Amino acid sequence: MAGNTLIEAKGIYKSFSGVPVLQDVRFEVKAGEVHALMGENGAGKSTLIKIITGVYTKDDGQIFWEGNPVEINSYQDCQKLGVACIYQELSVIPPLTVAQNVFLGREPRKGVFIDYAKMNKMTQELIDKYQFPLKPTTIVDNLGIGQRQLIEILKGLSQNSKLLIMDEPTASLSGKEAEMLFKIIQTLRSEGVSIIYISHRLEEVYMLSDRLTILRDGKNAAVLEKQDIIPAKVIETMIGKVVDESAGSRKMLHSDDNAEVRLDVRNLTDKTDRYRNISFQVHRGEILGLGGLIGAGRTEVVRAIYGVDKAASGEVYLDGKKLDPSPKASILEGIGFVPEDRRNQGFIPLLSTTKNVALTNYDIVKINGTSISDADELAMSKRAIEAIDIRPSDPNKQVGVMSGGNQQKVVLGKWLMRDLKLLIVDEPTAGIDVGAKDEIYSILEDLAKKGVAVIVVTSDLQELLRVSHRIIVMRKGNIVKEFKNVEVTQSKVLSAGQGVEEEAET
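Residues numbered from 1 in each chain as written. Predicted model: local features only at pLDDT ≥ 70, side-chain atom pairs only at ≥ 80, totals over all residues. Heavy atoms only, no water.

## A word on the sheet that holds strand 23 (residues 453–457)
- Strand order in the open sheet formed by 6 strands is 19-22-23-16-24-25, and the pairing between neighbours is mixed. Lying at the two open borders of the sheet, with one neighbouring strand each, are strand 19 (335–338) and strand 25 (478–483). Here the strands of the sheet are splayed against their neighbours by 20 degrees on average, with no regard to which way each runs.
- Relative to strand 23, strand 16 (residues 287–292) is paired through 4 bridges, and the arrangement is parallel. Residue pairing across strands places G289 opposite V456, the latter belonging to strand 23.
- Against the sheet, helix 15 (residues 404–416) engages strand 19 and strand 22 (422–426), with an angle of about 170 degrees to strand 19.
- In this fold helix 18 (residues 490–498) packs onto strand 24 (470–475) and strand 25, with an angle of close to 30 degrees to the strand it touches most, strand 24. (Pairing = 2+ DSSP bridges. Helix = DSSP H or I, 4+ residues; strand = E, 2+ residues; numbered from the N terminus. Axes fitted to C-alpha atoms, helices over the stretch in contact; angles between N-to-C directions. Contact = heavy atoms within 4.5 Å.)

This is the structure we're talking about:
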């Protein structure tokens, strides 16, 4: 049973470059309570948590711990209070053992030396207590994503914290691993530990949480007690009636089933069960939107189609020709790929626009003897700059110092220099301002008009409806809904991703 207030944030305000991301936010967690935090991408959830854990400094407001005002300016500050955060982004170090990861920076010592026997014993005790399928001495590099997520959870549990923050903890877990986590949460609650549970999965929030706070556009939208956590009400609150009824939030989708099939995906299945029996087609000149919650398997599917990761089974056909997907083969066949993490995977920050545009195009840049033609590299770069208005227009400018929108244009620009048949774009406008978003949308629409098939993976519901001719929604590794030739709303798409079927009917 939840008791007195453990942590309370009042009047929290935070802005970046003058743009408010949190405004007068209030958030309270009681002792022994599971308090869920929900909101669309960009609602301010991550920013609030980073303020509570000292990653960001608040611009205004006050945080109270057990009734006393506190300043949290570092992660060490929150650890001293008894707060541990299990982030969605894994921070495990693959070459180390499970035990070394769990107690990293807090290793038990015998004199000046690390006491490995004691550390392994302490880790085994935690593993036995929570019945995790792990061994203290296993090298993490040999474990799958789900087991690595369990190590992150063990880290938090090892600190005997009063408050555990869980950010999308089941995103990488199998069904069995998720059930294990739910039991742990129930045990921790009974022991008086408080939990902030951040998730897009409404069924988990409904099952686990005592209360739910919903943020929208950086502000408090609602605080719901358990009996008021009703799927339709939660979705309506997350989106907002005004947004859902606006012209931009719904669109008459259209799909020409008679158009030539450009991509045909048949029964694609992952080795680690992140997606199963995925089958769909994309037509020439069509923009297919791929929606769903974080961890639904969308990114994994498109990476397998392009060949970054290998699927366990299934087939991919382009214009009727069976492919053996790999990045090299995809490039040669006319498939382009803009990854979700553009900075680490889409371009090389220290290189110029010219060099980045040339990265995937050296097979079509003229060769003078044994050397690459600088003149042709430069000419190609200038064509890309002019075609999509990359700014600054200096072809020698390092891409790493450009704005997010122009960085994304460079990533797109290298593919526009080729005779594309299919372009896959994962989160095309993440971290990009409104003006640049419209430019990116125009580029994708122009490609479709020229006959290129486009797959857009996005968590932004407005974006999904804005650019898609047809929408497929994934949930827990499966395709659960298709929207075509119908009027569709953000609420219907979100409901399909949440598994609320009565809201998702077309």
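## Re the pairing of strand 6 (residues 83–86)
- Across the two faces of strand 6 the burial is the same, with V83 and C85 and A84 and I86 all buried.
- Here strand 6 pairs with strand 9 (residues 163–167) via 4 bridges, running parallel. By the bridge assignment, V83 is partnered in strand 9 with L163. (Buried < 20%, exposed > 50% of the residue type's maximum accessible area, 1.4 Å probe, protein only.)

## Quick look at the confidence of the model for the chain
- For the chain, the mean per-residue pLDDT works out to 88, and 92% of the residues sit at or above 70.
- Predicted confidence is poor over residues 502–506, with pLDDT under 50, and the contacts of this stretch with residues over four places away or in other chains come to 15 contacts. (pLDDT = per-residue confidence, 0-100.)

## Let's talk about the state of the cysteines
- Scanning the model with the defined rule gives 0 disulfides in all.
- Counting only cysteine sulfurs, C85 is the nearest neighbor of C78, a cysteine outside any disulfide, at a range of 7.6 Å.
- What makes C78 buried here is its relative accessible area of 0%. (Disulfide = S-S within 2.5 Å.)

## Topic: the packing of aromatic side chains
- What the rule picks out here adds up to 3 aromatic pairs.
- Aromatic rings pair up to connect Y306, F337 and W415 into one cluster.
- One Lys or Arg, R266, reaches over the ring of Y317 and ends 4.1 Å from the middle of that ring. (Phe/Tyr/Trp six-rings, centres within 6.5 Å; stacked < 30°, edge-to-face > 60°. Lys NZ or Arg CZ within 6 Å of the ring centre and 35° of its normal.)

## Digging into the pairing of strand 9
- Counting buried positions over the 5 residues of strand 9 gives 5, a clear majority of the element.
- Residues L163, I165 and D167 of strand 9 are buried on one face, and the alternating residues L164 and M166, pointing to the opposite face, are buried as well.
- Judged from the 5 bridges that link them, strand 9 and strand 10 (residues 194–198) form a sheet pairing that is parallel. Looking at the pairing, I165 lines up with I196 of strand 10.

## What about the packing of helix 8 (residues 231–239) against helix 18?
- Running from N to C, helix 8 and helix 18 cross one another at 130 degrees; their axes reach a closest spacing of 10 Å. If you check the angle between helix 8 and helix 18, you find them oblique. Between helix 8 and helix 18 lies a crossing of right-handed hand. Contacts from I235, M238 and I239 in helix 8 reach Q490, S491, L494, S495 and Q498 in helix 18.
- Taken together, the residues of the contact of helix 8 with helix 18 sort by class into 4 nonpolar, 4 polar and no charged. (Parallel < 35°, antiparallel > 145°, perpendicular 65-115°, else oblique. Left-handed = near helix turned anticlockwise from the far one by under 90°. Nonpolar A, V, L, I, M, F, W, Y, C, P; charged D, E, K, R; others polar.)

## Some thoughts on helix 10 (residues 298–306)
- Across the 9 residues that make up helix 10, a large majority, 8, are buried.
- Those residues of helix 10 that fall on the buried side of the exposure criterion are R298, T299, V301, V302, R303, A304, I305 and Y306.

## Here's the deal with the nonpolar core
- With 58 residues, the main nonpolar core has L263, F280, I305, L423 and I424 as its most contacted residues.
- Counting 35 residues, the second largest nonpolar core, distinct from the first, contains V102, I151, L173 and I185. (Core = buried A, V, L, I, M, F, W, Y, C linked by side-chain atoms within 4.5 Å.)

## Quick word on a nonpolar patch on the surface
- Together, I348, L351 and L359 give the surface a local cluster of nonpolar side chains, amounting to about 200 Å² of exposed area.
- Assignment of secondary structure puts I348 in the loop between helix 12 (342–346) and helix 13 (353–358). (Patch = residues over 30% accessible without salt bridge, like charges linked within 9 Å, V, L, I, M, F, W, Y side chains within 5 Å. Areas by Shrake-Rupley, 256 points an atom, 1.4 Å probe, with all protein chains shown as cover. Salt bridge = Lys/Arg side-chain N within 4 Å of Asp/Glu carboxyl O.)

## Description of the side chain of S468
- Tracing the sequence through the fold places S468 in the loop between helix 17 (461–467) and strand 24.
- Among the residues examined, S468 registers a relative accessible area of 0% and is labelled buried.
- Within the structure, S468 has its side chain in polar contact with the backbone oxygen of L464 (distance 2.6 Å). (Polar contact = N/O pair within 3.5 Å; in protein donor to acceptor, adjacent residues only side chain to side chain.)

## Comments concerning the pattern of salt bridges
- Applying the stated criterion across every chain yields a total of 30 salt bridges.
- Here D59 ties to K14 by a salt bridge, and the two come within 3.7 Å at their closest N and O atoms. Placement of D59 in the loop between helix 1 (45–52) and strand 4 (60–65) and of K14 in strand 1 (residues 5–16) is noted, with a sequence separation of 45 residues between them.
- Note on D59: relative accessible area 42%, which makes it partly exposed.
- Using a relative accessible area of 10% as the deciding quantity, one classes K14 as buried.
- Through salt bridges with shared partners, one network takes in E28, E33 and R211.

## Section: the environment of N142
- Among the structural elements, N142 can be located in the loop between helix 4 (116–130) and helix 5 (145–157).
- C-alpha of N142 to C-alpha of P428: the two residues are 286 residues apart in sequence and 32 Å apart in space.

## Details of helix 5
- In a regular helix each residue adds 1.5 Å, so 13 residues correspond to 18 Å; helix 5 covers 19 Å between its end C-alpha atoms and thus fits that length.
- Most of helix 5 is tucked away, with 11 of its 13 residues classed as buried.
- Inspection of helix 5 places G146, R148, Q149, L150, I151, E152, I153, L154, K155, G156 and L157 among the buried residues, and these make up the whole buried set. (Expected span 1.5 Å × (residues − 1).)

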